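One letter stands for each residue in the lines below.
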Amino acid sequence: MATTEEIRADLAEIVNEIAGIPADDVQLDKSFVDDLDVDSLSMVEVVVAAEEKFGVEIPDDQVKNLKTVGDAVSFIENATA
Amino acid sequence: MPLKRVVITGLGATSPVGGDVPSTWSALLEGRSGVTALTDDWAEPLAARIAAKVAVEPGEVLDRVKARRMDRSTQLAMVAAEEAWADAKLDDAVDPERLAVAVASGIGGVTTLLANYDSLLEKGPRRVSPLAIPMLMPNSPAATIGLRIGAKAGVHTPVSACASGNEAIALGIDLIRLGRADVVVVGGTEAAVHALPMAAFGQMMALSKRNDDPEAASRPWDKGRDGFVLGEGAAVMVLESAEHAAARGAEVYAEAAGAGITSDSHDIAQPDPAGLGATRAMKRALIESELAATDIAHINAHATSTPQGDVAEAAAIRNALGAAADGTVLTSTKSMTGHLLGGAGALESVATVLALHHRVIPPTINLDDPEDIGLDIADKPRDLPAGDLAALNNSFGFGGHNVAVAFRSA
């Protein structure tokens, strides 16, 4: 079972690939929209890439709740627990 | 009221023979072909396995994150637009509400469409990119350029198959003449070197099958021609009202004097065999430009290297210019670049403008056994005389579109 930091690091890699944000900037307290400049279409890409990477399903109606990197990491942790 | 004069103050290109305007122009003058054999697995079953891919991959030039949000046709257009925009030195020198874009594509984001269809079939709808629509829509190159330069006077995408690039230039001239903009970034782009478009053009018997000798495959007016070679690339020009350019002391390459647009109303794919629509387009361009047939020193012909088209165009040139056709020198730069479809008119207009600017016509290569078309074709670079000169660039497209653009030396 992956640690919180491992999930964050993998997610940071995805955000870097899609939005070009340095992986080190993708920290748990950062907001995707306000801090990382991930727009709504890129957020869909991040979600789909995360589903593939972590083998989870992130329903569309959950995506709006994933405001910060920490929200996403928690969701993935719970879904894979 | 006399029509406003429109001048060209910036040029950009990424083509099968060069990644920018200077390298493209020197390759054209050297007579260098950009056609190569396709070694990809997908090309193997095709009858025509040659194409003119761009000399410099757009990914080498563009920011990676921005590029991944663009179809290849938009990537190429952006490379050309960045060069043209920098060349025109217009940053902060034009009111955004007086700045427009008219950039065309013949097919649009076809490789994005097909790649997403592959994802849909293989992995399901959840794997279709949320960026697919903004990437594949044919107006994406124009819209992306408009966003980059902050154009607020309208962003346009004329679509008329292989005449699209020229039609975008014609539209840009109109926008300035109608007072709707002071500056219009115009051009065309295409990136369709993919199995499906190549199979489809192949089924129309339109492509050259000279697979064993790619550089000799595009041979306009040569008796051995057997079809066109699909090319990719983009070219962009900055059109500006002469007053606006003069007020800021801009360097001017040439004048975009006017255009003629006609339609054959004959057939969806075959050109009118008598070339009447093409003839009328050239005549209209002369009238609108207030040029006489004897002013036309040079024509960059559509001449794609198809058995019928090249000869029909030659007849149309004779009909349009009459006896003055004897005094004009033709070339087809497609002999080197292949046929860029919606990018063709733009790239060839850049070549036409540079021919007037540098006073030299790039050659038509592979003209070993020319058809007797009764017109003078430059098979080597041909110097143009000093003084006031004009030139035409022709583009014709499936659907019966004919667009001739006239340029006057600055």
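Here the residue numbering is sequential within each chain, running from 1 through the sequence in written order. Labels are handed out in written order, letters beginning with A for the chains and numbers beginning with 1 for the ligands. The predicted origin of the model limits local features to residues at a pLDDT of at least 70 and limits the giving and counting of side-chain atom pairs to 80 or more, whereas totals for whole chains, interfaces and linings rest on all residues. Computation of side-chain values: all heavy atoms of the structure, hydrogens and water removed.

1. Quick look at the overall build of chain B
Counting from the N terminus, the helices are the DSSP runs of H or I reaching at least four residues and the strands are the DSSP runs of E reaching at least two. Within chain B one finds 13 helices and 15 strands. In this setup the radius of gyration rests on C-alpha atoms only. A globule is expected at 2.2 Å times the number of residues raised to 0.38. Relative to a compact globule of 410 residues, whose C-alpha radius of gyration would be 22 Å, chain B shows 20 Å and is just as compact. For chain B, the C-alpha atoms occupy an extent of roughly 60 × 50 × 40 Å along the three principal directions. Summary of the burial criterion: residues with accessible area below 20% of their type's maximum are buried, those above 50% are exposed, and those between are partly exposed, where the area comes from a 1.4 Å probe applied to protein chains only. Each of the 410 residues in chain B was classed as buried or not, and the buried ones make up 58%. Note on definitions: a residue-residue contact is assigned when non-hydrogen atoms from the two residues lie within 4.5 Å. In chain B, the proportion of contacts linking residues at least 24 apart, taken out of those at least 6 apart, comes to 79%. What sets the accessible areas is the Shrake-Rupley method with a 1.4 Å probe; for residues, cover comes only from the shown protein chains. Per element, the accessible surface of chain B, about 15400 Å² overall, is 54% carbon and sulfur.

2. Some remarks on the environment of Asp92 of chain B
Residues and elements named next belong to chain B. Mapping Asp92 onto the fold places it in the loop between helix H3 (72–88) and strand E4 (99–105). Among the residues examined, Asp92 registers a relative accessible area of 84% and is labelled exposed. Measuring from C-alpha to C-alpha, the distance between Asp92 and Ile149 comes to 9.9 Å, with 57 residues separating the pair along the chain.

3. Things to note about the pairing of strand E15 (residues 401–409) of chain B
All names here are of chain B. By the criterion of burial, E15 is predominantly enclosed, with seven of the nine residues buried. At least two bridges found by DSSP between two strands are what make those strands a pair. As paired elements, strand E8 (residues 254–263) and E15 share nine bridges and run antiparallel to each other. Bridged to Glu255 within E15 is Arg408. Note that strand E14 (residues 390–397) and E15 share eight bridges and pair antiparallel. Its bridge partner being in E15, Asn394 is matched across the sheet by Ala404. In this structure, the hairpin formed by E14 and E15 is closed by a connection of three residues, where Gly399 is found at a positive phi of approximately 110°.

4. Observations regarding the domain arrangement of chain B
For interface size, the figure often reported is the accessible area lost on association. Residues and elements named next belong to chain B. Each domain span listed reflects an automatic or database assignment of domains. Under the domain assignment used here, chain B contains domain 1 (6–247) and domain 2 (259–409). Here domain 1 and domain 2 have C-alpha centroids that lie 20 Å from each other. On the domain 2 side, the residues contacting the 65 residues of domain 1 number 63 residues. Values labelled buried area give the accessible surface lost by two parts on being combined, using a 1.4 Å probe and summing over both. With both chains or domains summed, domain 1 and domain 2 bury close to 4700 Å², and 69% of this area falls on carbon and sulfur atoms.

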